[in-house]
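# Overview (structure and organization)
These are the residues of each chain, in order.
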Amino acid sequence: MSNYSIKSLEEYFQVYRKSVRDPETFWEEIAEEHFDWRRKWDNVLQWDFSKPQVKWFDGAQLNITENCLDRHLQIRGHKTAILFEPNDPQAEAEHITYRDLHERVCRMCNVLKENGVSRGDRVCIYLPMIPELAITVLACARIGAIHSVVFAGFSSNALATRINDCDCKIVITSDGSYRGAKILDLKSIVDSALEECPQVSHVLVAKRTGQKVQMKAGRDKWLEPLMEQAYADFPAEIMNAEDPLFILYTSGSTGKPKGMVHSCGGYMVYTAYTFKNIFQYREEDIFWCTADIGWITGHSYIVYGPLANGATTVMFEGIPTYPDSGRFWEIIQKHKITQFYTAPTAIRALAKESLDFVTKYDLTSLKVLGSVGEPINEEAWHWYNNNIGKGQSPVVDTWWQTETGGIMISPIPYVTPTTPTFATFPFIGIQPALMDDAGNEIYENQTQGKLCIKFPWPSMARSIWGDHERYKNTYFTAFDNCYFTGDGAFRDEVGYYRITGRVDDVIIVSGHNLGTAPIEDAINEHPAVAESAIVGYPHDVKGNALYGFITLKEFGETRDRDNLMKEINQKIAEQIGPIAKLEKILFVDGLPKTRSGKIMRRILRKIASNDTENLGDISTLLNPEVVQNIIDATS
Ligand code: WT7
């Protein structure tokens, strides 16, 4: 019998040892006993990080939606699979049973097929958090088409880049979307994106807000009538375990966004197994992850992980502050949520509000509180633990990445003793390592280093779409025979990990991964701008905020600076999305550079965080004099 559900610390140690000593036997048992396969694998694992190539369960055949839907129909067909909570608190929540979901996914498969989608095609999904989003994702998986979900807060430019990068021919969207008191015009964002994407021949539009939209004849169709007419059954395509399941874009420190490619078999096994243990999931639970399905957290822990376990998973359309800052807590009471999984930035924002928003509601249904996306600071951890969990629900600080597919370092609630700011132990099967600057592994505890993973795990990304070389260079060349995460970490005397943050030019703002290069590119498009450098600095709600140091073509430029700042942020919103807007902008007469012309972001980071005492040696700069000018300009 495999160790599908870990119940004690002793058992964790024992299972962990087994998973590391003999990973193949370990994962084979999990895969065999808890999932439906049409055919078993030829090999559990083949890997070579120097290529890099990783294959889990190769030769096995399956369809992930048979595991997420069909196999539950007999035993829990009438159980709620997706519990949809709309933006409007007065509107009724929708309970979509496993039977309903199966039927709607099958209809969607037929609609997609009739609109030209077949196995291997890439499908762009640009939808708000409404049931159609999960349904389209699952329908793609059932057909064997590769979904590429783009978060519906991204701008038309960002959307176009992502559509073109993986050459999607079809986009699924909605007329508009509700975000608190606001309505966003999704369809018109798609329309302007598609001016750059001539290959897109079909656009399917879900009706959500009922607002007026332009429908381009021959290209655009309303989704609902097609769904009504579609046949309610669809045989799942038989996929190889290593076939791509989806592409999801994440920012890099340089260049265009990276389309991380995840595959069917290993991803299913690992997301399901982590979901079961890290949330101590039981049949009667109501699980709520507040992420958007446009991010990996939503893919793995709203859709695939929960559904593979036959769970009830909540999809929330709205925002935490609408109609007021009690919305999360109201929903927890209303649906008797048992596991709640959110981001530190949301916790910090809500912790600033009156506690009355919390104490009004009965939160006793909660058993586990999760945190993800960025380091959770001690104060936020305690607020969450004391006021939401009342000290009764363990806080699981889960560290992972778009690239890892599933949670990598995390406590197991009721098993691993928690300590604020520590993600604690590696999950089963995960072999982390800390590296020193010379590239050697540090074996001692009580030490800090660059965080790598030494051995493959089933849900790791297999490539970057269209650019395997970049995949290799980004993750597998910094350290020999290791996956490099881009994060730094501290390991304490018992072996607990605390993630200290990015060690590259990626900045995590409100839990969103933002690369500096694309933001700088957007700023540099402004005609008045000569050069720019973006750094992060600590922000009490967002974790980090963006600080832009900008030189103008004519420093004496007489134009109104406030206006210029607005225009620059407007450019960023157009190119990337509002999440990438700068919190602070400083116009300077020069940026500190090395003699080879590289901008010294290290120095700007210190200035941005008011830490000008410790600038380090600046005498080797090309232009040391600009540093004092910048410092003077900040005051
Ligand atoms: C980066 C990955 C997969 C979750 C959503 C973000 C940071 C994530 C934690 C945590 C400290 C964290 C890391 C990581 N991060 N979780 N619990 N503690 N840092 O996915 O957008 O791919 O970002 O988020 O820096 O590398 P992502």
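Residues numbered from 1 in each chain as written. Predicted model: local features only at pLDDT ≥ 70, side-chain atom pairs only at ≥ 80, totals over all residues. Heavy atoms only, no water.

### Topic: the sheet that holds strand E31 (residues 584-587)
Spatially, E29-E30-E31 is the arrangement adopted by the 3 strands of the open sheet, whose pairing is mixed. Bordering the open sheet on either side are strand E29 (529-539) and E31, each of which pairs with just one other strand. Recorded for the sheet is a direction-independent mean angle of 20° between the axes of neighbouring strands. Judged from the 4 bridges that link them, strand E30 (residues 543-552) and E31 form a sheet pairing that is parallel. (Pairing = 2+ DSSP bridges. Helix = DSSP H or I, 4+ residues; strand = E, 2+ residues; numbered from the N terminus. Axes fitted to C-alpha atoms, helices over the stretch in contact; angles between N-to-C directions.)

### Quick look at the domain arrangement of the protein
Here the protein is described as being made up of domain 1 (2-472) and domain 2 (506-634). The straight-line distance from the C-alpha centre of domain 1 to that of domain 2 is 33 Å. For the pair domain 1 and domain 2, the summed buried area comes to about 1,500 Å², and 51% of that belongs to carbon and sulfur atoms. Linking domain 1 with domain 2 are 1 salt bridge. Here Asp-540 makes a salt bridge to Lys-352, at a shortest N to O gap of 2.9 Å. Applying the counting rule to domain 1 against domain 2 returns 12 residue pairs in polar contact (both at pLDDT 80 or more). Elements represented by at least two residues in the side of domain 1 that touches domain 2 include exactly helix H6 (156-165) and helix H12 (344-351). Of the residues that constitute the side of domain 1 that touches domain 2, the class distribution is 4 nonpolar, 12 polar and 3 charged. (Domains from an automatic or database assignment. Buried area = accessible area lost by both parts, 1.4 Å probe. Salt bridge = Lys/Arg side-chain N within 4 Å of Asp/Glu carboxyl O. Polar contact = N/O pair within 3.5 Å; in protein donor to acceptor, adjacent residues only side chain to side chain. Nonpolar A, V, L, I, M, F, W, Y, C, P; charged D, E, K, R; others polar.)

### Considerations on the pattern of salt bridges
One pass over the structure, following the stated rule, counts 37 salt bridges. When the shortest N-O distance is used, the salt bridge between Arg-142 and Asp-70 registers 2.8 Å. In this pair, Arg-142 is assigned in helix H5 (residues 131-143) and Asp-70 in helix H3 (residues 64-76), connecting sequence segments 72 residues apart. A relative accessible area of 25% means that Asp-70 is categorised as partly exposed. As a salt-bridge pair, Arg-605 and Asp-505 come within 3.7 Å of each other at their nearest N and O atoms. Of this pair, Arg-605 sits in helix H18 (residues 601-608) while Asp-505 sits in the loop between strand E26 (497-502) and strand E27 (506-509), and the two are 100 residues apart along the sequence. (Buried < 20%, exposed > 50% of the residue type's maximum accessible area, 1.4 Å probe, protein only.)

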